[in-house]
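Below are the chains, spelled out letter by letter.
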Amino acid sequence: MSSNSWADVSESERAPSGGGWGYSRPSRTNYVPPHLRSRTPSSEFVAPSPGNNDRGGYGGANSGYGGRGQGYGGRGSGYGGRGGPVGGWNARSGGWDRRDTETNPFGNDGNADPAVNEQENTVINFEAYEDIPIETSGDNVPPPVNTFAEIDLGEALNLNIQRCKYVKPTPVQRNAIPILAAGRDLMACAQTGSGKTAAFCFPIISGIMKDQHIERPHGVRGVYPLAVILSPTRELACQIHDEARKFSYQTGVKVVVAYGGTPVNQQIRELERGVDILVATPGRLNDLLERGRVSLQMVRFLALDEADRMLDMGFEPQIRKIVQQMDMPPPGVRQTMLFSATFPREIQRLASDFLSNYIFLAVGRVGSSTDLIVQRVEFVHDSDKRSHLMDLLHAQRENGNQGKQALTLVFVETKKGADSLENWLCINGFPATTIHGDRSQQEREVALRSFKTGRTPILVATDVAARGLDIPHVAHVVNFDLPNDIDDYVHRIGRTGRAGNSGLATAFFNDNNTTMAKPLAELMQEANQEVPDWLTRYASRASFGGGKNRRSGGRFGGRDFRRESFSRGGGGADYYGGGGGYGGVPGGGYGAMPGGYGPVPGGGYGNVPGGGYAPYGRGGGAYYGPGGYGTVPNQGYGPGVASAWD
DNA sequence: AAAAAAC
């Protein structure tokens, strides 16, 4: 049999009865997309009955987990004979035999057992989550959950969640997963480092597992992914792929990544070995679509990571082509999920083209991000930037661990500037590398790895590295050149202070950045940062950054634009419903940082011992308090690993 | 104006 679209698949195929895997899409019950309205009733979507959620699968005693003898991960242990993939790439039923040979994404052989897997464990402050402000809007918003177990994601996925050492869902996960599991479209705005990748991957993987039996067309050539995840950069696509592979280990769900700068034929071969979830950058995906190597007609899940970037001027035409001008099912047939830390109004308006009766979700103040990032702004003329950077790096080296240079990510405006600064740093005894779009893909990957491992602890980057990349232990982000958009600033500084660790962000400001004065001052103030008087003076000049910036009004990039029209009046009504603005709950309930950079008081983010950040010492040297930078232990944090929290 | 993203 050959199905030509998701809607053609019969109900019984979509939702196996009695299996408890019922795929529930309550919001879709009556929706028939325009292009299908003339079809026969049998092809119309009928919502299957809600699935049982009472299987007890994941719950309490962890049936199966920890039982080492149970053989879930046993290579060759019991998933049936490897009779060769049935029917080739498109045989979902062939999913089982894939697992025998699936390489373990969690590390070395033998570490697949969640009980013994000793991964690097980045912890996150779950206590702080109690106060996180959440805003949702839309029709019939499914309530949040407090545990992963409350959603029946499936046993294999639950095991992977354990292998990842995710104990509790982060706020964005608590809210987004039930929304997505209910089949709803979603626009989600959650801070950098808050666990967005898992928030969209879990429901996608779970949804595909529930429909393992769906048959896809037997094309002469071309593959039919069930889910597409788009990313604005190649490295981020890679990272999402790595994460998604962990989440889908032993589930029978196959994840493949496709991006440019690398031989296309190899990727095509990989695709032809089977793909359920395709992670891609837009250019390469369009290439594959034009070549007829990929068809989108079976796509049920579409996720745009860094969605506001994907829909900005540079990317919008490519995204429209993929989403609207190829064979992708329309909104309401596919499920669409957009995630970012920032969501400017005009982009929201654009994005609503891609969504159907969607829910808007804004999650503020997640365990790291802005609150654990100390932001500094210094007035530095262009001609002084290099020597000033040198001062920072020297101070850091002197105060760092065993004289080692802490990982420092330096953002510049241009590719040329990146090369030039990198060269200058190297000449001056600071091991640096660079990542930008003029370098070959191999060079980019080498640079990133070299930075991550600390071999070259300084990475000079353009905005290619601004979004989504999860690089553990970045102690310091330097905005050597400020971006022109406050949202870009938010994403850049979000490369530090991730998953509960603290971080420092230093920006060099001068007369070329006057349009940033106001939004920057506001952002810093809202994040309880010390705003220098000179910056406040710049900000107060009407001509400086007053009009241009969309964030003026003092809100974090996330209020549902559909509500703007009737909730004006609030005087730029704040997104979190209070005077606090960015991360501010009315009444300042967050245990805001007291003036300066002292320790965060208890009750806020837990303790940051070590004296926090010493006041900025003019004489050089004292950027970091005693106790050292990057040595801030995470006390009182629940276990929970993240390697990619965006 | 720059950056990113296909060959």
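Every chain is numbered independently, its residues counted from 1 as its sequence is written. Here every chain gets a letter starting at A, and every ligand a number starting at 1, in the order they are written. Side-chain atom pairs in this predicted model are given and counted only at pLDDT of 80 or more, local residue features only at pLDDT of at least 70, and totals for whole chains, interfaces and linings cover all residues. To get the side-chain values, all heavy atoms of the structure are used, and hydrogens and water are removed first.

In the nomenclature of an unreviewed UniProt entry, chain A is known as RNA helicase of Arabidopsis suecica. UniProt positions are given in the numbering used here, feature names are shortened, and annotations may be inferred rather than shown by experiment. Looking at the Sequence similarities (unreviewed entry) heading of the UniProt record, one finds this comment for chain A: "Belongs to the DEAD box helicase family. DDX3/DED1 subfamily." Under the UniProt heading Catalytic activity (unreviewed entry), the note attached to chain A is "ATP + H2O = ADP + phosphate + H(+)".

Participant: Could you clarify how one ought to interpret the pattern of salt bridges in this entry?
Facilitator: Two side chains with opposite charge may pair up if their charged atoms get near one another. The term salt bridge refers to a pairing of a side-chain nitrogen on Lys or Arg with a carboxyl oxygen on Asp or Glu at a separation within 4 Å. Counted under the stated rule, the structure contains 23 salt bridges. One salt bridge connects Arg 320 with Glu 316, and the closest N-O pair in it is separated by 2.6 Å. One end of the pair, Arg 320, and the other, Glu 316, are both in helix α10 (residues 316-324), four residues apart, so they sit about a helical turn from each other. Note on classification: 1.4 Å probe, protein chains only; a residue is buried when its accessible area is under 20% of the maximum for its type, exposed when over 50%, partly exposed between these limits. Looking at Arg 320, the relative accessible area reads 16%, which means it is buried. Of the residues examined, Glu 316 reaches a relative accessible area of 19% and is grouped as buried. For the salt bridge of Glu 413 with Arg 492, the shortest nitrogen-to-oxygen distance reads 3.9 Å. One end of the pair, Glu 413, is in the loop between β10 (407-411) and α14 (415-427); the other, Arg 492, is in helix α16 (residues 486-493), with 79 residues separating them in the sequence. A residue is classified by how much of its surface remains accessible, and Arg 492, at 0% relative accessible area, is buried. One network of salt bridges, with partners in common, ties together Lys 254, Glu 270 and Arg 273. Secondary structure elements follow DSSP: runs of H or I of four or more residues count as helices, runs of E of two or more count as strands, with numbering from the N terminus.

Participant: It is not clear to me how the protein's contact with DNA strand B should be interpreted in this structure. Could you clarify?
Facilitator: For this purpose, a residue is taken to be near a molecule or strand whenever a single non-hydrogen atom of the residue falls within 4 Å of it. Inspection of the region around DNA strand B gives 24 residues, with Gly 260, Arg 284, Lys 415, Gly 437 and Arg 444 positioned closest. For DNA strand B, the backbone portion of the atoms within 4 Å of the protein, that is sugar and phosphate, comes to 73%. In protein, a polar contact requires one atom able to donate a hydrogen and another able to accept it; more generally it is a pair of N or O atoms within 3.5 Å, and residues adjacent in sequence count only if both atoms are side-chain atoms. At a separation of 2.3 Å, a phosphate oxygen of DNA strand B approaches a polar backbone atom of Gly 437. Between Arg 444 and DNA strand B, the recorded distance is 2.7 Å, taken from a side-chain N or O atom to a phosphate oxygen. Looking at which element gives the most residues to the surface near DNA strand B, the answer is helix α8 (residues 282-290), with four residues. Its residues placed into classes, the surface near DNA strand B shows four nonpolar, 13 polar and seven charged. The residue classification treats Ala, Val, Leu, Ile, Met, Phe, Trp, Tyr, Cys and Pro as nonpolar and Asp, Glu, Lys and Arg as charged. All others, Gly included, are polar.

Participant: Explanation requested: the nonpolar core in the structure shown.
Facilitator: For this analysis, a nonpolar core means a set of buried residues of the types Ala, Val, Leu, Ile, Met, Phe, Trp, Tyr and Cys, connected via side-chain atoms within 4.5 Å. Core analysis: the largest hydrophobic core is formed by 69 residues, its most contacted members being Phe 200, Phe 202, Ile 204, Ile 277 and Phe 339. With nine residues, the top contributor of residues to this core is helix α5 (residues 196-210). The contact definition used throughout considers only heavy atoms, calling two residues in contact when any of these lie within 4.5 Å. Sequence-distant contacts of Ile 204, that is, excluding residues within four places in its chain, are made with Ala 227, Ile 229, Ile 277, Phe 301, Ala 303 and Met 337.

Participant: Where do I start with the sheet that holds strand β1 (residues 134-137) in this structure?
Facilitator: Whenever strands of a sheet pair, they do so through backbone hydrogen bonds, lying parallel or antiparallel. Taken in spatial order, the eight strands line up as β1-β8-β2-β7-β6-β3-β5-β4 in an open sheet, and their pairing is mixed. Here the strands that pair on one side only, and so sit at the sheet edges, are β1 and β4 (255-258). On average, each strand axis in the sheet is tilted by 15° relative to the strand beside it, whichever way the strands run. In this scheme, strands are said to pair when DSSP sees at least two bridges between them. When β1 meets strand β8 (residues 359-363), the two strands line up antiparallel, connected through four bridges. Residue pairing across strands places Ser 137 opposite Phe 360, the latter belonging to β8. Axes, fitted as lines to C-alpha atoms, cover a helix only where it is in contact. Angles between the N-to-C directions of the axes lie from 0 to 180 degrees.

Participant: I'm lost on the packing of aromatic side chains in this one. Help?
Facilitator: Within a pair of aromatic rings, the relevant descriptors are the distance that separates the centres and the angle that separates the planes. Pairing of aromatic rings covers Phe, Tyr and Trp, the last through its six-membered ring, and needs centres within 6.5 Å; plane angles under 30 degrees mean stacked, over 60 mean edge-to-face, and all others mean tilted. Applying the stated criterion to the full structure yields 13 aromatic pairs. Taking the centre distance of 5.7 Å and the plane angle of 50° together, the rings of Phe 480 and Phe 508 count as tilted. Here Phe 508 lies in strand β14 (residues 503-509) and Phe 480 lies in the loop between β13 (474-479) and α16, a separation of 28 residues in the sequence. For the pair Phe 480 and Phe 508, a shared accessibility class is recorded, and that class is buried. For the cation-ring pair, Arg 541 lies above Tyr 538, with the distance from its terminal atom to the ring centre recorded as 5.0 Å. Note on criteria: charge over ring means Lys NZ or Arg CZ within 6 Å of the ring centre, with the direction from the centre no more than 35 degrees off the ring normal.

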